[in-house]
Amino acid sequence: MNELTEKDVIRSIRMLSARQVESAKSGHPGTPLGAAPVMAELYGNAMNVVPTDPDFYDRDRFVLSSGHASAMLYATLHICGFDVTEKDLSEFRQAGSRTPGHPERGVTPGVDCSTGPLGQGVANAVGMALAERIMEARFNRPGCTLVDHYTYAFCGDGCMMEGIENEAASLAGLWKLGRLIVIYDSNGITIEGDTHISLTEDVAERHKALGWHVIRAGSAENTETLAAAIAEAKAEDGRPSLIIVSSRIGYGAPNEGTSAVHGTPLGKEGMKFLADKLEWTLDGFDVPQSVKAFKREMIKKGEAYMAERKSRISEAERNHPESVAELRKYLSGEYARDAARCIAERAPLGSDSTRSHMGKLLAELDKLMPDLVGGSADLAPSNCTLIAGKKYYSPQTSDGGAIHFGVREHAMAAIVSGIALHGGFTAFCSTFFVFSDYMKYAMRMSALMKLPVMYLLTHDSIGVGEDGPTHQPVEQLAGLRAMPRMYVFRPCDGKETAAAFAFALTGGAPVAIVASRQKLPECELTDSAKAARGAYVLYDSEKPSAVLMSSGSEVGPCLDAAKLLAARGINVRVVSVPCMDLFAEQSEEYKKSVLPSGIRVRVAVEAGSRQCWGEYAGTDGVYICMDGFGESAPAGILMEKYGFTAENIADKTELAVRSRNNK
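So, how was this worked out
- Numbering of residues starts from 1 in each chain and follows the order in which that chain's sequence is written.
- With the structure being a predicted model, the display of local features is reserved for residues of pLDDT at least 70 and the display and counting of side-chain atom pairs for 80 or more, all residues being used for whole-chain, interface and lining totals.
- For the side-chain quantities, the full set of heavy atoms in the structure was used; hydrogens and water were omitted.
- Only DSSP runs of H or I with at least four residues qualify as helices, and only runs of E with at least two residues qualify as strands; both kinds are numbered from the N terminus onward.
- The atom set for the radius of gyration is the C-alpha atoms, and the globule formula is 2.2 Å times the number of residues raised to the power 0.38.
- Here the term buried applies to any residue with accessible area under 20% of the maximum for its type, exposed to any over 50%, and partly exposed to those in between, with areas from a 1.4 Å probe on protein chains only.
- We call two residues contacting when some pair of their heavy atoms lies within 4.5 Å.
- Using a grid of 1 Å spacing that covers the protein atoms alone, one calls a set of points a cavity when a 1.4 Å probe fits there but cannot get out, and a pocket when the set is open and has protein on both sides within 12 Å along at least five of seven lines; lining residues are those with an atom within 4 Å of a point.
- Grid points are joined across faces, edges and corners, and a volume is the space filled by probe spheres set on the points.
- Classification convention: Asp, Glu, Lys, Arg as charged; Ala, Val, Leu, Ile, Met, Phe, Trp, Tyr, Cys, Pro as nonpolar; all other residues, Gly among them, as polar.
- Strand pairing is assigned whenever DSSP detects at least two bridges linking the two strands.
- For helices, the axis comes from a line fit to the C-alpha atoms of the stretch in contact; other axes are also lines fit to C-alpha atoms, and the angle between any two N-to-C directions lies between 0 and 180 degrees.
- By convention a nonpolar core is built from buried Ala, Val, Leu, Ile, Met, Phe, Trp, Tyr and Cys residues, the set being connected through side-chain atoms within 4.5 Å.
- Any Lys or Arg side-chain nitrogen located within 4 Å of an Asp or Glu carboxyl oxygen qualifies as a salt bridge.
- Disulfides are defined in this document as cysteine sulfur pairs within 2.5 Å.
- What a helix should span is 1.5 Å times the count of its residues minus one.
- To get the bend at a residue, fit one axis to the 7 residues ending there and another to the 7 starting there, then take the angle between the axes.

Participant: Give me the lowdown on the overall build of the protein chain, citing residues and values where you can.
Facilitator: Each helix and strand counted, the protein chain has 26 helices and 18 strands in total. Since a compact globule built from 663 residues should have a radius of gyration of about 26 Å, the 28 Å found for the protein chain is in line with a globular shape. Dimensions of the protein chain, computed from C-alpha atoms along their principal axes, come out at roughly 90 × 60 × 45 Å. Within the protein chain, the fraction of its 663 residues that count as buried is 63%. Contacts in the protein chain between residues at least 24 apart in sequence constitute 77% of all its contacts with a sequence separation of at least 6.

Participant: Residue-level account of empty space enclosed by the protein, with values.
Facilitator: Rolled over the atoms, a probe as big as a water molecule pinpoints where empty space is left. Following the criterion strictly, the structure yields five cavities of 30 Å³ or more and no others. A volume near 60 Å³ is recorded for the largest cavity. Every residue along the wall of the largest cavity is listed here: Tyr-43, Met-47, Val-49, Val-50, Pro-54, Arg-59, Asp-60, Phe-62, Leu-77, Phe-82, Gly-110 and Asp-112. Across the lining of the largest cavity, the residue classes break down as eight nonpolar, one polar and three charged. Size it by volume and the second largest cavity reaches roughly 40 Å³. In this structure, the second largest cavity is lined by Ala-535, Met-549, Val-575, Val-577, Phe-583, Val-594, Leu-595, Trp-613 and Tyr-616. Among the residues forming the lining of the second largest cavity, the class breakdown is nine nonpolar, no polar and no charged.

Participant: Pulling in residues and values, what's your account of the sheet that holds strand S18 (residues 622-624)?
Facilitator: Backbone-to-backbone hydrogen bonds join strands into a sheet, with any given pair of strands oriented parallel or antiparallel. As summarised here, the arrangement of the five strands in space is S14-S16-S15-S17-S18, forming an open sheet in which the pairing is mixed. Single-partner strands in this sheet number two, and they are strand S14 (536-539) and S18. The mean angle between the axes of side-by-side strands here comes to 25°, regardless of whether they run parallel or antiparallel. Pairing geometry for strand S17 (residues 601-605) and S18, over three bridges, is parallel. Bridge pairing in S18 places Val-605 opposite Ile-624.

Participant: Lay out the pairing of S17 in plain terms, naming residues and giving numbers.
Facilitator: In terms of residue burial, S17 counts as a mostly covered element, since five of its five residues are buried. Of the two faces of S17, the one lined by Val-601, Val-603 and Val-605 and the one lined by Arg-602 and Ala-604 are each fully buried. Sheet topology note: the strand S15 (residues 546-550)/S17 ladder contains five bridges and is parallel. When the sheet's bridge partners are listed, Leu-548 is paired in S17 with Val-603.

Participant: Help me get a handle on the nonpolar core, residues and values and all.
Facilitator: Ranked by size, the top nonpolar core spans 114 residues in total, and within it Leu-146, Trp-175, Ile-415 and Tyr-455 carry the most contacts. Sort the elements by how many residues they give to this core and helix H5 (residues 120-139) lands first, with eleven residues. The contacts of Leu-146, once residues within four sequence positions are left out, are Tyr-57, Asp-58, Phe-139, Asn-140, Ile-313, Ala-316, Ser-323, Val-324 and Leu-327. In terms of nonpolar packing, the next biggest core, distinct from the first, is built from 64 residues, Leu-16, Ala-75, Ile-215 and Ala-275 among them.

Participant: Quick one: what's the story with the layout of surface pockets, residue by residue and with numbers?
Facilitator: Its boundaries defined by the atoms lining it, the largest pocket holds a volume of some 660 Å³. Together, 34 residues line the largest pocket, and Arg-105, Ala-420, Gly-423, Gly-424 and Pro-452 are the ones closest to its centre. Those elements that provide at least two residues to the lining of the largest pocket are helix H12 (321-332), helix H13 (334-342), helix H16 (409-422), strand S10 (426-432) and helix H19 (494-506). Per-class residue counts for the lining of the largest pocket are 15 nonpolar, eleven polar and eight charged. Roughly 360 Å³ of internal volume is contained in the second largest pocket. Lining the second largest pocket we find 17 residues, and of these Glu-3, Glu-6, Lys-7, Ile-10 and Glu-221 sit closest to its centre. Elements with a minimum of two residues in the lining of the second largest pocket: helix H1 (3-24), helix H9 (223-235) and helix H10 (267-278). If one sorts the elements of the lining of the second largest pocket by residue count, H1 sits on top with six residues.

Participant: Tell me what's going on with the pattern of salt bridges, and back it up with residues and numbers.
Facilitator: Going through the model one piece at a time under the given rule, you end up with 44 salt bridges. For Lys-591, the salt bridge is made with Glu-588, and the minimal N-O distance between the two is 3.1 Å. In this pair, Lys-591 and Glu-588 both sit in helix H23 (residues 588-594), three residues apart, roughly one turn of the helix. What makes Lys-591 buried here is its relative accessible area of 15%. In the salt-bridge network here, residues are joined through shared partners; they are Asp-58, Asp-148, Arg-179, Glu-308, Arg-309 and Arg-312.

Participant: Describe the state of the cysteines, naming the residues involved and giving the relevant values.
Facilitator: Per the counting criterion, the structure on display carries zero disulfides. Here Cys-612 stays free of any disulfide, with the sulfur of Cys-625 as its closest cysteine sulfur at 7.6 Å.

Participant: I'd like a rundown of the environment of Ser-186, residues and numbers included.
Facilitator: Relative to the assigned elements, Ser-186 resides in the loop between strand S3 (180-185) and strand S4 (189-190). What makes Ser-186 partly exposed here is its relative accessible area of 23%. Ser-186 sits 227 residues away from Ala-413 along the chain, and the two C-alpha atoms are 26 Å apart. Those residues in contact with Ser-186 that sit more than four places away from it in its chain are Asp-157, Ile-244, Val-245, Ser-246 and Ser-247.

Participant: Tell me what's going on with helix H17 (residues 436-448), and back it up with residues and numbers.
Facilitator: The end-to-end C-alpha distance of H17 is 17 Å, a good match for the 18 Å that 13 residues give at a rise of 1.5 Å each. At Ala-442, H17 shows its maximal bend, which comes to roughly 35°. Residues Ser-436, Met-439, Ala-442, Met-443, Met-445, Ser-446 and Ala-447 constitute the buried set of H17. On its buried face, H17 is in contact with H5, H16, S10, strand S11 (454-458) and helix H18 (476-481). In the segment just after H17, Lys-450 is the residue with positive phi, at about 55°.

Next comes the structure, spelled out in structure tokens:
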């Protein structure tokens, strides 16, 4: 861009952002008005993007961690030639529009990551940069460069206050992710006022201590200094870079520099004031001719970049055909599809904990899937996610696919989402189930984005035993099951665990596999194919008068209870429910075949909250669940104390059946 075009691009980003907010009568004009020069420099000069093919695999990635500044991103994408129209801008924050209140991947062309909760986007960007580094190490060699791009993130003061930013920044520094560049817009304002009331640490020194290359680029208005800072960051391959710029929040607005401009439309008089300040005379979402020419140049530039990258692939295909073929398998998800077809055949049998079954299956997947990447939050031996012979990632072994996340559950989950967002890998992470609460928002964002991430969560109930109620999950199953697009499996044996993995590899959504610490008996009646429907009849008798529904470690006691009841002259059906979410998606015909309306006594048995069983057990159902916290004691004693025994299940069922028959 020449100086005049750059000025017009910056003015356009500012005006189009403010008009989006004004049109919607809601939104956040403050950051877009202040940080517009940063976006102009990033997209106009620094980044390699392809507006006509925004998902091109070797493009630079961008994450707007300050997701409330979405109007700024939409204005930039429109100006740079992405398929974001004036109509889209005019429908900002409206139902069904392609310009929602916070950026959503898959809704707006050019948005690489859904963002909103502050700080999380930085962790997503760390995951993207890690994926790039691993892929680069695996596929690049002298004379053959197949992977060559950067990851950029934009964040603000609020992001820097969040703990997840520090967790993720710590790992980025440890991993020496030199192709990660974070722009920190330090405008000194939050909703409650000046940041001196809540952020007094030296953010630059903190990041230096975490192993980052830190550059102070001064005022956001000085794009020459910012350009030099980005060039310096690109030259630093051994450390991630933090570029600190200072913008003036609400630049050009009457209440510029105050918290009042953060999240409130400027209003008619404010918009007139802004237009006068920017010397803007155009109507609606129109832009100057220089910016229209810039848009055409951006499209040409992107197509030329993509053509150059594709020529590299063509040349590599001649000299290194095996590398190109392998890269295409990574990018297409072929390994995952192939593994899903055969993993049921490798289901472990015998009496064991489902965490052990999960670990064995994970090792089998690793044999089938070189694109499998992930790790645990310092609990791999306990989670059974140590994979023998799998190389750990480090700056010295950057082709490694096993990851030490340390005790950083929140960052781990968001980083793994970033790996999935980057593309080319099948990603997983693991910890104790109770600690999924630390991960909750990152898991929620993966569900919003339909990311096929695997969450391997062990130690699933009061069966944890002596560690006590701090480590015994009670309400977590209900919480995750309530999350849209999150498929929660609680398998009872190796075959049901295999079904969970098969779905996780092909379901196009995140999956939580919740596994036991304690050994569970082998169940000869289970079936991987039937488990893939979410719930199925495990045991049946003639004219059952009750149905016992359970998952995981409680399936065995339900089967034993069925035998006790048969001896008492009461016939029952036992239904295994490894995944409520999948069962809910089955046809009404199938659901009625599993849970017929004619069987009026329904018994829900699960060592967790009863809250998610109401739809199937009903208000007059029998609930053998956890309505309080557990305690510290051996698992067997706790299971007996809280009623998860065949005898108690049989007694409660018999009482309900006889009570029903006497009415």
